[in-house]
Amino acid sequence: MKKVVKFGGSSLANAEQFQKVGDIIRSDESRCYVVPSAPGKRFDEDIKVTDMLYGCYEAASNGEDFSDKLKAIKERYYEIIKGLGLTLSLEDEFKKIEEDFRAQAGIQYAASRGEFLNGKIMAAYLGYDFVDAASVIRFDKNGNLEAEETDKLLSKKLSKCQHAVIPGFYGACADGTVKTFSRGGSDVTGSLVAKAIHADIYENWTDVSGFLVTDPRIVHNPEPIEAITYRELRELSYMGATVLHEDAIFPVRKEGIPINIRNTNSPEDKGTLIVESTCKKPKFTITGIAGKKGFCSINIEKSMMNSEIGFGRKVLQVFEDQGISFEHVPSGIDTMTVYVHQDEFEEKEQQVIAGIHRAVQPDFVEMESDLALIAVVGRGMKSQRGTAGRIFSALAHANVNVKMIDQGSSELNIIIGVENRDFEKAVRAIYDIFVLTRI
Ligand SMILES: Nc1ncnc2c1ncn2[C@@H]1O[C@H](COP(=O)(O)OP(=O)(O)O)[C@@H](O)[C@H]1O
Ligand SMILES: N[C@@H](CC(=O)OP(=O)(O)O)C(=O)O
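If you're wondering where the values come from, they're calculated on a predicted model, not measured in any experiment.

**Let's talk about the environment of G9**
Item 1. Looking at the secondary structure, you find G9 in the loop between β1 (3-7) and α1 (15-26).
Item 2. Relative accessible area serves as the criterion here: at 11%, G9 is assigned to the buried category.
Item 3. Considering only alpha carbons, one finds G9 and Q19, 10 residues apart in sequence, at a separation of 14 Å.
Item 4. Sequence-distant contacts of G9, that is, excluding residues within four places in its chain, are made with S37, A38, P39 and G40.

**A word on the side chain of K302**
Item 1. Looking at where K302 falls in the secondary structure, it is placed in the loop between β11 (288-301) and α10 (311-321).
Item 2. Polar side-chain contacts of K302 include one of 2.9 Å to the backbone oxygen of V360.
Item 3. The residues contacting K302, other than those within four sequence positions of it, are E308, F311, D334, V360, Q361, P362 and D363.

**Side note on the site of ligand 1**
Item 1. With respect to spatial proximity, 17 residues lie near ligand 1, and among them K6, S10, T206, D207 and L212 are the closest.
Item 2. Residue K6 places a side-chain N or O atom 3.2 Å away from an oxygen atom belonging to ligand 1.
Item 3. One of the side-chain nitrogen or oxygen atoms of D207 is found 2.8 Å away from an oxygen atom of ligand 1.
Item 4. Considering ligand 1 on its own, with 570 Å² of exposed area, one finds that the protein chains cover 85% of that surface.
Item 5. Tallied by class, the residues present in the shell around ligand 1 amount to six nonpolar, seven polar and four charged.

**Here's the deal with the site of ligand 2**
Item 1. In the vicinity of ligand 2, the residues found are K6, G8, G9, S37, K48, T50, E115, F169, R183, G184, G185 and S186.
Item 2. At a separation of 3.3 Å, an oxygen atom of ligand 2 approaches a polar backbone atom of G185.
Item 3. S186 has a polar backbone atom sitting 3.0 Å from an oxygen atom of ligand 2.
Item 4. Its free accessible area being 340 Å², ligand 2 has 90% of it covered by the protein chains.
Item 5. Split by residue class, the shell around ligand 2 holds one nonpolar, seven polar and four charged.

**Considering the sheet that holds strand β4 (residues 164-165)**
Item 1. The sheet built from eight strands is open, its strands ordered β3-β4-β2-β1-β7-β9-β10-β8 with mixed pairing. Among the strands making up the open sheet, the edge pair consists of β3 (129-130) and β8 (227-229).
Item 2. Relative to strand β10 (residues 272-275), β8 is paired through three bridges, and the arrangement is parallel. In the sheet register, T229 faces β10, and the bridge partner there is V275.

Conventions adopted
Residues numbered from 1 in each chain as written. Chains lettered and ligands numbered in written order. Predicted model: local features only at pLDDT ≥ 70, side-chain atom pairs only at ≥ 80, totals over all residues. Heavy atoms only, no water. Helix = DSSP H or I, 4+ residues; strand = E, 2+ residues; numbered from the N terminus. Buried < 20%, exposed > 50% of the residue type's maximum accessible area, 1.4 Å probe, protein only. Contact = heavy atoms within 4.5 Å. Polar contact = N/O pair within 3.5 Å; in protein donor to acceptor, adjacent residues only side chain to side chain. Near = heavy atom within 4 Å. Areas by Shrake-Rupley, 256 points an atom, 1.4 Å probe, with all protein chains shown as cover. Nonpolar A, V, L, I, M, F, W, Y, C, P; charged D, E, K, R; others polar. Pairing = 2+ DSSP bridges.

Pasting the structure below:
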């Protein structure tokens, strides 16, 4: 039995957390490959080391004195080293980082040092080999992962190490330039390692007892999800359930390796099992609710639109030409609405509107901003009548005005558009109607 265990920043924020992690790893000898993140927040107002590094590098690249900022980062690591009673020195590493910052080594290199240094501590603490992710996780020059090459490098290297620490979040191009994944990307590293060593399970340790039905920052103490399929999880993480990076699913899914989300602060809890498919019935009709704020809708009207072949393609081409991806396109007989991310759209708004006029000569174009999208996801929804009805009556009771409804034919999810200011209220109302009534 071989397990890959990834620990998030919240699990490694200080020496006390490191000790919990050490106990977890030592309690099961199959936990032989460890992927750590950088130290996260120790308390609510604290700053994650990754963010401290971004700030420090920004000062360095502006030619400002960054010594205090680097010192504060160093203190975070020495607090851990001291607390664990290790004799490890990171002086050489910090000297090199300082030189590299002066030499403008790049913002991604800067951010990657958080995991690099934490990996050094973790390896010393556990007595495991340290494997620098720059030598085994390969990116191309544009910063895209080279999955096949990475798989080869990882399997070759790890076949020679029985126990290893591989820092999360970064890798490097063939020429050695360090690149990172997007934020939260240590989850992806863990998944790549699990695939490469054909792990029996990928354990992802965080600060919550599994994937919860909804965001605990919106609903107090939501129910945990016992088992969830990759497809359901993909929908939820894409729509903002940040517990697992959305790209972390692909490598393990290919190999059929289950992911187990666990809580470092409550290791006896079973957490959530993420699997390809399961005959386990979900506890409620819905599996989860997630959502994001900050969308815009562009509503296009033209009479007889329905008979104009190619209308939709021409409209979407305008968005493509401006490099804007669309989220949803609900349509009526003579109307078509395109939902986009507000921050991507705002600066190109006028070019898009002009482009739509040129492409399809609409009768009317109307825009609305500050919208939120909520995904209600569940494999159990297909077999249950009245799900949509319950959602909308709950929203009506909560006084939430529904702006958009989109249900794909897979019946795995229902997407609802509301105003940003109604977002939290809407999530709570949907949670209550399915979970509190236990149906
Ligand atoms: N549906 C959800 N279930 C569990 N946690 C969620 C959910 N949606 C959002 N979260 C948030 O995700 C956090 C865990 O992810 P993250 O901060 O990336 O952890 P880590 O630092 O361990 O990688 C939780 O503390 C919680 O606030
Ligand atoms: N440290 C990186 C990568 C990461 O995955 O962190 P965490 O596991 O704490 O989400 C970040 O803050 O984005």
